[in-house]
Amino acid sequence: MGDQRICQRIEALIKDRGMTKKAFCEKLKISVGNLGDWRSGKTTPGTKHLIQISDFFNVSLDWLMKGVKPGEGVLQEQKAAYFFGVMGPLNYQCEQLSEKEKDFILEYIEFTRFRKEKRQEVFATQ
């Protein structure tokens, strides 16, 4: 099952922007059917859509997927230092990345874990 709270946050963003759901779907080239499936919990938005929606509304993927506000919960500095530190040979590239790029990478990793957990839940119920 999809995470209906993600759709609730998307719908709140649409409402806050003063858009209709139809206009939102047209603007982001998302089918109304997909939005309906997200709402019913039948499916969850894919990576492409989540990134597109977070960019469109200027919100973090963390907030969109989990409702976590920036800086809430996890200490990003420590997490980033640990993650990029354990990358070993790739760590030298870390200095070439902006903080925003590092945050995006960390959010994407969290998103990947989230999707994997959801897939495992679906297979466990089949």
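What you see is a predicted model, and the numbers here were worked out from it, not measured in a lab.

Among the nonpolar cores identified, the biggest contains 19 residues, and I10, F24, W38, L50 and I53 are the most heavily contacted of them. For this core, the element with the highest residue contribution is helix 1 (residues 4–17), accounting for 5 residues. Ignoring any residue separated from it by four or fewer positions in sequence, one finds I53 in contact with I10, F24, L28, I30, W38 and L64.

This part takes up the state of the cysteines. All chains considered together, the criterion is met by 0 disulfides. We note that C7 lacks a disulfide partner, and the nearest cysteine sulfur, in C25, lies 9.3 Å from it. In this structure C7 comes out as buried when scored by relative accessible area, which is 2%. Residue C25 is classed as buried on the basis of its relative accessible area of 3%.

About the thresholds
Residue positions are given per chain, counted from 1 along the sequence in the order it is written. pLDDT decides what is reported in this predicted model: residues at 70 or higher carry local features, side-chain atom pairs at 80 or more are listed and counted, and totals for whole chains, interfaces and linings draw on all residues regardless. Note that water and hydrogens are dropped before the side-chain values are worked out from all heavy atoms of the structure. Grouping buried Ala, Val, Leu, Ile, Met, Phe, Trp, Tyr and Cys residues that are joined through side-chain atoms within 4.5 Å yields what is termed a nonpolar core. We call a residue buried when its accessible area falls under 20% of the maximum for its residue type, exposed when it is over 50%, and partly exposed in between, using a 1.4 Å probe and counting protein chains only. Only DSSP runs of H or I covering at least 4 residues are called helices, and only runs of E covering at least 2 are called strands; the numbering of each starts at the N terminus. When checking whether two residues touch, look at their non-hydrogen atoms; a contact exists if any pair is within 4.5 Å. Any two cysteine sulfur atoms within 2.5 Å of one another count as a disulfide.

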